Amino acid sequence: MIIKHKVTESLKMKERKVFRFVKIKLVFMLLFTAILSVLFINRQVLLEKLDNGPINSFAIVGTTDFTDDNDIREILSSMLENEDLKGFFGQDINLIKQQIELIPWIKSAVVRKIWPNRLSIWITEYSPIASWNDTEFLSSEGVIFQLPVNKLKVSDLPRLAGPNNKSNQVLEAWNRIYLDLKRKDLTLKKVSINERGSWQIVLDNDVILKLGRGEWQEKLDRFVTIYPQIEIPENKKLSYVDLRYGVGAAIGIVDAN
């Protein structure tokens, strides 16, 4: 009976130790979980405290036609003044991306952080294929955008004009009319459409062709037929040819200054 009592007491002691160990382990696990939760919730604040200063350098990756270091530096300087430019851990690169993409001629930007305080910036630009309303430019996708004239590297872009919601329509018309006139040994300079859908084109010799609404193929063919027959008085020049009639055309003649 005495031996059995001792064995029972020993088992109870072992159970109490195991129970105590489990309780201590559970407390540590709960404490560890609580610490992790606090760190996770406050991770942004903690990371920002690790930053000694804001990001202060960048590199434009790839080749750009219009964007230079000064354009990006101006944006980052403005962000620094507004306290939007932070250190490596605290900086939201999406905010920088959004600011860069506000530049009118930039189509998209990819921004990455490089340790410890540098940015890598990949830029995709719109490429102007024509001027639009003499104040803006048009991309091959029909997107209207602004670009400082001093950044433009070509000066003989096609001139297109019209309401902004008709940019793709005017671009398509330019391509069709340009090829049609080229087959007739004529060179196109400008295509425009007004709010009422009336078309007008300008040749490289500044002669205006008023085509009106609807299809222009028959009107251009008519112009090619009558053009050589138009007699221009001395010291005068042809100003316009109005082809908005069912047959024939009206012409305008001005002084040749």
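What this report covers is the structure whose coordinates are included nearby. Small disclaimer: the values here were computed from a predicted structure and weren't measured.

The next point concerns the overall build of the chain. Helix and strand content of the chain: six helices and twelve strands. Within the chain, residue pairs in contact and separated by at least 24 positions form 47% of the contacts whose partners lie at least 6 positions apart. Accessible surface, the chain: about 17,100 Å² in total, of which carbon and sulfur atoms supply 55%.

Moving on to helix H6 (residues 217–226). What sets the pattern is the α-helix's 3.6 residues per turn: residues three or four places apart point alike. Turning to H6, its buried residues are Lys219, Leu220, Arg222 and Phe223. Looking down the long axis of H6, one finds its buried residues gathered within 160° of arc, a one-sided arrangement. Buried residues in H6 make contact with helix H5 (167–182), strand S9 (199–203), strand S10 (208–212) and strand S11 (236–242).

This brings us to the sheet that holds strand S8 (residues 188–193). On the basis of which strands lie adjacent, the open sheet formed by nine strands has the order S6-S5-S4-S7-S8-S9-S10-S11-S12 and mixed pairing. The sheet is open, and its two borders are formed by strand S6 (144–145) and strand S12 (250–255), each paired with just one other strand. The sheet contact formed by S11 and S12 spans six bridges and is antiparallel. Each bridged residue has a counterpart across the sheet, and for Tyr240 the counterpart in S12 is Gly252.

Judged by nonpolar contacts, the single largest core of 27 residues is most densely connected at Leu160, Val191, Ile201 and Leu209. Contributions of two or more residues to this core are made by strand S4 (130–132), H5, S8, S9, S10, H6 and S11. No other element matches H5, which puts six residues into this core. With sequence-adjacent residues up to four places away left out, Val191 is seen in contact with Arg159, Leu160, Ala161, Val170, Ala173, Trp174, Trp199, Gln200 and Ile201. Counting 24 residues, the second-largest nonpolar core is a separate cluster that includes Ile75, Leu85, Ile96 and Phe145.

Spatial ordering of the open sheet is given by S1-S3-S2, a layout of three strands whose pairing is mixed. Looking at the sheet topology across the chains shown, the edges are occupied by strand S1 (57–61) and strand S2 (106–114). Each strand axis lies, on average, 25° off the axis of its neighbour in the sheet, ignoring direction. Bridge count between S1 and strand S3 (residues 118–125): five bridges; the pairing is parallel. If you follow Val61 over to S3, its bridge partner there is Trp122. Along the sheet, helix H3 (residues 69–81) makes contact with S1 and S3, crossing S1 at roughly 140°. Seen against the sheet, helix H4 (residues 93–100) touches S2 and S3 and runs at an angle of roughly 150° to S2.

The rules we used
Residues numbered from 1 in each chain as written. Predicted model: local features only at pLDDT ≥ 70, side-chain atom pairs only at ≥ 80, totals over all residues. Heavy atoms only, no water. Helix = DSSP H or I, 4+ residues; strand = E, 2+ residues; numbered from the N terminus. Contact = heavy atoms within 4.5 Å. Areas by Shrake-Rupley, 256 points an atom, 1.4 Å probe, with all protein chains shown as cover. Buried < 20%, exposed > 50% of the residue type's maximum accessible area, 1.4 Å probe, protein only. Arc of directions from axis to C-beta. Pairing = 2+ DSSP bridges. Core = buried A, V, L, I, M, F, W, Y, C linked by side-chain atoms within 4.5 Å. Axes fitted to C-alpha atoms, helices over the stretch in contact; angles between N-to-C directions.

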